[in-house]
Amino acid sequence: MIKVSVIVPVYNGEEHLRECLDSIVGQSLKEIEIICVDDGSTDSSFSILKEYQSKDNRVQVLQQKNLYAGVARNLGKKHAKGEYLVFWDCDDFFEADALEKMYIKASGLQADICAVSYTHLTLPTNSL
């Protein structure tokens, strides 16, 4: 049973994509599917997605011409089989137990939606 479908729209996200995918693949909640929708990337994003798909059977890669993130999310949603959906961007990364905590809370309350707070990390430009 798939508890959570993680939908990730990707457009030219090669800079942070591996960190994002590592944080999803490494989640403590294992009953997930990871639906990545390449939105017509012109960088190496699609190759990175295919690499992760070849390593983890939970990763599904879809591709469309550049129609923007909303359309990519909707395409991913059409393929989702999870009890819950979560939309993460390709430059997001999360604590290893984020999905598990959200799933336990939402399912325990039989909630239709789960909203969480987050911390935005911005590095000074001179540290890059």
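Preceding this section is the structure that the text describes.
What counts and how
Residues numbered from 1 in each chain as written. Predicted model: local features only at pLDDT ≥ 70, side-chain atom pairs only at ≥ 80, totals over all residues. Heavy atoms only, no water. Helix = DSSP H or I, 4+ residues; strand = E, 2+ residues; numbered from the N terminus. Contact = heavy atoms within 4.5 Å. Pairing = 2+ DSSP bridges. Axes fitted to C-alpha atoms, helices over the stretch in contact; angles between N-to-C directions. Parallel < 35°, antiparallel > 145°, perpendicular 65-115°, else oblique. Left-handed = near helix turned anticlockwise from the far one by under 90°. Nonpolar A, V, L, I, M, F, W, Y, C, P; charged D, E, K, R; others polar. Buried < 20%, exposed > 50% of the residue type's maximum accessible area, 1.4 Å probe, protein only.

## As for the environment of Ile7
Looking at the element boundaries, Ile7 is found in strand 1 (residues 4-10). Those residues within four positions of Ile7 in sequence are excluded, and the remaining contacts are Ile35, Arg73, Gly76, Lys77, Ala80, Leu85, Val86, Phe87 and Trp88.

## A few points about the sheet that holds strand 2 (residues 32-39)
Judged by pairing direction, the sheet is parallel, and its 4 strands sit side by side in the order 3-2-1-4 without closing on themselves. On the outer flanks of this sheet lie strand 3 (59-64) and strand 4 (84-87), each paired with one strand and no other. Geometrically, the sheet is characterised by an average inter-axis angle of 20 degrees between neighbouring strands, direction not taken into account. The sheet contact formed by strand 1 and strand 2 spans 7 bridges and is parallel. Residue pairing for strand 2: Ser5 is matched across the bridge by Glu33. Most of the contacts of helix 4 (residues 98-108) go to strand 4, to which it runs at about 140 degrees, and overall it touches strand 1, strand 2 and strand 4.

## Quick word on the packing of helix 1 (residues 14-25) against helix 2 (residues 45-55)
Two quantities define a packed helix pair, namely the angle between the helix axes and the distance between the axes. Across the interface, helix 1 lies against helix 2 with an axial gap of 10 Å and an inter-helix angle of 20 degrees. One finds that helix 1 runs roughly parallel with respect to helix 2. Crossing of helix 1 against helix 2: the hand is right-handed. Facing Glu14, Leu17, Arg18, Leu21, Asp22 and Val25 of helix 1, the residues of helix 2 in contact are Ser45, Ile48, Leu49, Glu51 and Tyr52. Residues of the contact of helix 1 with helix 2, tallied by class, amount to 6 nonpolar, 1 polar and 4 charged.

## A look at unusual backbone geometry
A positive phi angle, close to 85 degrees, is found at Tyr68, a residue other than glycine. One can find Tyr68 in the loop between strand 3 and helix 3 (69-79). At Gln110, a position not held by glycine, the phi torsion is positive, near 50 degrees. Relative to the helices and strands, Gln110 is located in the segment after helix 4. Judged by relative accessible area, Gln110 falls into the exposed class, the value being 71%.

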